Amino acid sequence: VQLQASGGGLGQAGGSLRLSCIASGNILSITTMAWYRQAPGKQREFVAIITSGGVTTYADSVKGRFTISRDNAKTTVDLQMNSLKPEDTAVYYCYCDSRVFGYTKPYWGQGTQVTVSS
């Protein structure tokens, strides 16, 4: 499985940005998809996840501001980011689980930079 993220860039506090991630390869094996982020000098942290059934979970820091969505037909996962804050500045990574023959393997995209100015 390969993940290609796009979107991001420079946003202003209170504004919006949208990230997209397209999966290719063995897409039928993909189960959950998610977004993580890593700010400078910090560890990578969970942002949001969506199961193959559409169940979503968010980090407390983004709850009510970010929305994760998924189009199973295209195996894409998007992250709509509203009410941006400077602390949302980070490299955002697309993630998915691939389940084959009972084994689950994680995959990561290359990351896309999001910078929020105050």
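## Structural notes on the side chain of Asp78
Working step 1: As for its placement among the helices and strands, Asp78 is situated in strand β8 (residues 76-81).
Working step 2: At 2.9 Å, the side chain of Asp78 forms a polar contact with the side chain of Ser20.
Working step 3: For Asp78, the residues in contact, after removing those within four places along its chain, are Arg18, Leu19, Ser20, Cys21, Trp35, Thr67, Ile68 and Ser69.

## Some details on the packing of aromatic side chains
Working step 1: Summed over the entire model, instances satisfying the criterion amount to 5 aromatic pairs.
Working step 2: On the numbers, 5.7 Å between centres and 75 degrees between planes, the contact of Tyr36 with Phe46 is edge-to-face. Taken together, the residues Tyr36 in strand β4 (residues 30-38) and Phe46 in strand β5 (residues 45-50) connect sequence positions 10 residues apart.
Working step 3: With a centroid separation of 5.0 Å and 65 degrees between ring planes, the pair formed by Tyr36 and Trp108 is classed as edge-to-face. Here the residue Tyr36 occupies a position in strand β4, and Trp108 occupies one in strand β10 (residues 103-108), the gap between them amounting to 72 residues.
Working step 4: Every member of this aromatic cluster is reached through a ring pair, and the members are Tyr36, Phe46, Tyr93, Tyr95 and Trp108.

Conventions and cut-offs
- Residues numbered from 1 in each chain as written.
- Predicted model: local features only at pLDDT ≥ 70, side-chain atom pairs only at ≥ 80, totals over all residues.
- Heavy atoms only, no water.
- Helix = DSSP H or I, 4+ residues; strand = E, 2+ residues; numbered from the N terminus.
- Polar contact = N/O pair within 3.5 Å; in protein donor to acceptor, adjacent residues only side chain to side chain.
- Contact = heavy atoms within 4.5 Å.
- Phe/Tyr/Trp six-rings, centres within 6.5 Å; stacked < 30°, edge-to-face > 60°.

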